[in-house]
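Chain by chain, the residues run as shown.
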Amino acid sequence: MPAPRVRIAPSPTGPLHIGTARTALFNYLYARRNGGTFVLRLEDTDVARSTLAFEADILEQLHWLGITWDEGPDAAGGEDRGPFGPYRQMQRLERYAEAAARVLAEDKAYPCYCTPEELDADRKAQEAAHKPPRYVGRCANLTLEERAARETEGKRGALRFRVPAGKIRFDDLVRGEVEIDTANLGGDFVIVRSDGTPLYHFTVVVDDAAMEMTHIIRGEDHLSNTPKHILLFQALGHTVPAFAHLPLILNPDRTKMSKRKSQTAIADYRAQGFIPEALVNYLALLGWSTGTEEEILSLDELAGRFDLEHVQKGGAVFDRERLEWLNGQWIRRLDAEDLIERLQPFLEADRDAGRIDLVPSPEELRPLVPIIQERLPTLGAIGDLVGFLWIEDLSVDTVTLVPKRWDRDTTLAALRAAREAILESIGPVTFEADELEPPLRALAEARGWKAGDLFMAIRVAVTGRTATPPLFDSLVALGRERTLARLDRAIATLEGMEVPA
RNA sequence: GCCCCCAUCGUCUAGAGGCCCAGGACGCCACCCUUUCAAGGUGGAGAUCAGGGGUUCGAAUCCCCUUGGGGGCACCA
């Protein structure tokens, strides 16, 4: 088998979509596994909706995921790389024009002068008659003279491809044999607009042919379009590539995943602190499996195992909980320095949003790694977890200050005693977790309090929260002075509390 | 409406005629660990393999029908 050539052909009409990312991933994995070439081509012929910003997002997020391509544009607006360029469709217009001229000359396509109003009327009539929409062929048999007459009237024709009668069958690599009667294709279809710009079905095929693609791996939503593409490949005199249609990624209601019902932009997952290792791992397992029970797999490991045989046929519901679990798995596998570095942007975002007052340095973060690493489902959860460490002015209300089974007076007594214990028995120089625990446990014992209750009172007084990393580690991270200051403040708050008579 | 595709626990899936009165993972529930929260460990609930017919000594696995779901039918991509 010659080395496969596969591609991803995103349209820069929106930010990188999770479905596009997965299709890109599957193509990438297929190329890597089989010693093939992975091409990126930008389908930007929808000038009205395409933007450079979306183009930039698509390239950047793919890079971020680690999905690299062998041919294609490197950066938004940047240079192309590879022998089949350009890789932006708007720079390939002459090629479509040339191909269009050829099919026109061979009468495999013809100019159509129908107005949008006429086409609309046709469609409505068909609908009323409960018939499938289909081009009626009004312009299919115009003579050269008739065409010339329209042109003289100043009419510009769209180019319609003649759909021959017959059945198209192809062997889909994931679905097996598929057969579709061309009678169900909706009649002759437009390949070039009346303004001269080419349409999707035409450009994909012209480019896939020119770029010598051997396998077209794409979403199932293209399955019904495949006969049109096959017809076009044949009309252009090109070998028909192999097709593999992937199951769709679904919303929880099992409809095709959409922005409206799900979070679809890769950039949004990234902004929430999902890491590429997890996203790639999760996406690969959406619709594909190793056939074994392995499931934590890196991009390279995936590339070593990928095959089309294990691609699922039915659609797969996107399960965010499972993604979060995987993300946690991958976060726990990060080494300390890497985690610290990756946390930085999230801390800055928290500071910019006013959730914390200052961003800790890597040095401050380093000792925290053991207690936070296993508690982070996402990088974005950092502020929620230990943000109390970087808040200047922590105030806690009396309601949360008093533990569930305690009253104000007990809490007050406990905090005062705890403050004393910390002040007296623990030196300012070596303020460590091992040192803090014994005296406080002894205190609880002496007063007949449950250690857990005492610890909870201190925890809330000092962090403002009932769920935190281990208490003594938290106190150490906070430091002796701030620990005492926060205890003082909590005590003062409780002293000022209205006590019902 | 027409065409095409699909159908195993709530979800992602293993399973390619006997190893399956169906295995794993997420989630859920217990318990253990434990100062809270996590993480981790152990155990549990959860699928008459959509339903019905065949084929076969034997079917989740093959065939047919039904039902259900999805996708596609543009001068969008």
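Now for a description of the structure that goes with this document.

Rules used in this analysis
Residues numbered from 1 in each chain as written. Chains lettered and ligands numbered in written order. Predicted model: local features only at pLDDT ≥ 70, side-chain atom pairs only at ≥ 80, totals over all residues. Heavy atoms only, no water. Buried < 20%, exposed > 50% of the residue type's maximum accessible area, 1.4 Å probe, protein only. Helix = DSSP H or I, 4+ residues; strand = E, 2+ residues; numbered from the N terminus. Pairing = 2+ DSSP bridges. Right-handed = clockwise from strand over helix to strand, strands pointing away. Salt bridge = Lys/Arg side-chain N within 4 Å of Asp/Glu carboxyl O. Near = heavy atom within 4 Å. Polar contact = N/O pair within 3.5 Å; in protein donor to acceptor, adjacent residues only side chain to side chain. Nonpolar A, V, L, I, M, F, W, Y, C, P; charged D, E, K, R; others polar. Axes fitted to C-alpha atoms, helices over the stretch in contact; angles between N-to-C directions. Parallel < 35°, antiparallel > 145°, perpendicular 65-115°, else oblique. Contact = heavy atoms within 4.5 Å. Phe/Tyr/Trp six-rings, centres within 6.5 Å; stacked < 30°, edge-to-face > 60°. 1 Å grid on protein atoms, 1.4 Å probe; cavity = no way out; pocket = protein on both sides within 12 Å on 5 of 7 lines; lining within 4 Å. Points joined across faces, edges and corners; volume = space filled by probe spheres on them. Core = buried A, V, L, I, M, F, W, Y, C linked by side-chain atoms within 4.5 Å.

Comments concerning the pairing of strand β1 (residues 5-8)
No. 1: What you see with β1 is no split at all: R5 and R7 on one side and V6 and I8 on the other are buried throughout.
No. 2: Alignment of β1 against strand β2 (residues 37-40), held across four bridges, turns out to be parallel. Across the sheet, R5 pairs through a bridge with T37, a residue of β2.
No. 3: With helix α1 (residues 18-33) bridging β1 and its parallel neighbour β2, the resulting β-α-β unit is right-handed.

Considerations on the pattern of salt bridges
Proximity of charged atoms lets side chains of opposite charge pair with each other.
No. 1: The tally for this structure, following the rule as stated, stands at 43 salt bridges.
No. 2: Among the salt bridges present, the one from E179 reaches R169, with a minimum N-O distance of 2.5 Å. Here E179 is found in strand β8 (residues 176-181), whereas its partner R169 is found in strand β7 (residues 167-172), with 10 residues between them in sequence.
No. 3: With relative accessibility at 38%, the residue E179 sits in the partly exposed group.
No. 4: Here D393 and R489 are joined by a salt bridge, their closest N and O atoms 2.4 Å apart. In this pair, D393 sits in the loop between α15 (382-386) and α16 (398-401) while R489 sits in helix α21 (residues 480-495), placing the two residues 96 residues apart along the sequence.
No. 5: Each member of the salt-bridge network shares a partner with another, and the members are R7, R41, E43, R92, D207 and D208.

Quick word on the protein's contact with RNA strand B
No. 1: Neighbouring RNA strand B are 67 residues, the closest being R175, E374, R375, R441 and R459.
No. 2: Of what RNA strand B places within 4 Å of the protein, 73% of the atoms are sugar or phosphate.
No. 3: Within the side chain of R49, an N or O atom sits 3.0 Å from a sugar or linking oxygen of RNA strand B.
No. 4: With respect to RNA strand B, the backbone of L471 contributes an N or O atom lying 3.4 Å from a base nitrogen.
No. 5: Elements supplying a minimum of two residues to the surface near RNA strand B: α4 (116-128), β6 (158-161), β8, α6 (200-210), β13 (316-317), α11 (320-333), α19 (451-463) and α20 (471-478).
No. 6: For the surface near RNA strand B, the element with the most residues is α11, which contributes five residues.
No. 7: A breakdown of the residues in the surface near RNA strand B according to their chemical character gives 24 nonpolar, 20 polar and 23 charged.

Re the packing of α1 against helix α9 (residues 276-284)
No. 1: Where α1 meets α9, the closest approach of the two axes is 10 Å, and the angle between their N-to-C directions is 80°. Classified by the interaxial angle, the pair formed by α1 and α9 is roughly perpendicular. From α1, I18, A21, R22, L25, F26 and L29 reach across to α9, where they touch V280, L283 and A284.
No. 2: For the contact of α1 with α9, the class distribution of residues is eight nonpolar, no polar and one charged.

Concerning the packing of aromatic side chains
No. 1: A complete count under the given rule lists 10 aromatic pairs for this structure.
No. 2: Their ring planes at 40° and their centres at 5.2 Å tell us that W288 and F306 sit as a pair that is tilted. Placement of W288 in the loop between α9 and α10 (299-305) and of F306 in the loop between α10 and β13 is noted, with a sequence separation of 18 residues between them.
No. 3: Residue classification places W288 among the buried residues on the basis of a relative accessible area of 2%.
No. 4: Judged by relative accessible area, which is 2%, F306 ranks as buried.
No. 5: One aromatic cluster is present, built from ring pairs that chain together Y269, F274, Y282 and F318.

Structural notes on empty space enclosed by the protein
Remark: the empty space left among the atoms is shown by a probe the size of a water molecule rolled over them.
No. 1: Within this structure, the stated rule accounts for one cavity of 30 Å³ or more.
No. 2: Approximately 40 Å³ is the volume attributed to the largest cavity.
No. 3: Around the largest cavity, the lining residues are L394, S395, V396, A461, R486, R489, A490 and T493.
No. 4: Per-element tally for the lining of the largest cavity: the top contributor is α21, with four residues.

What about the side chain of R480?
No. 1: Along the polypeptide, R480 turns up in helix α21.
No. 2: A polar side-chain atom of R480 sits 3.0 Å from the main-chain carbonyl oxygen of L423.

Here's the deal with helix α7 (residues 226-235)
No. 1: Here α7 lies mainly inside the structure; nine of its 10 residues are buried.
No. 2: Among the residues trailing α7, G237 stands out with phi positive, at a value near 70°.

Describing the nonpolar core
No. 1: Core analysis: the largest hydrophobic core is formed by 108 residues, its most contacted members being F318 and I458.
No. 2: With nine residues, the top contributor of residues to this core is α1.
No. 3: Setting aside residues up to four positions removed in sequence, F318 forms contacts with I18, I249, L250, M257, Y269, Y282, L283, L286 and L323.
No. 4: Counting 35 residues, the second largest nonpolar core, distinct from the first, contains F189, I216, I230 and F243.

Things to note about unusual backbone geometry
No. 1: Residues G85 and P86 are joined by a peptide bond in cis, for which omega reads -5°.
No. 2: Here P86 lies in the loop between β4 (80-81) and α3 (93-105).
No. 3: Positioned with a positive phi, H130 is a non-glycine residue whose angle comes to about 55°.
No. 4: Within the element layout of this structure, H130 appears in the loop between α4 and α5 (144-152).

Bear in mind that shape data such as this cannot, by itself, settle questions of function.
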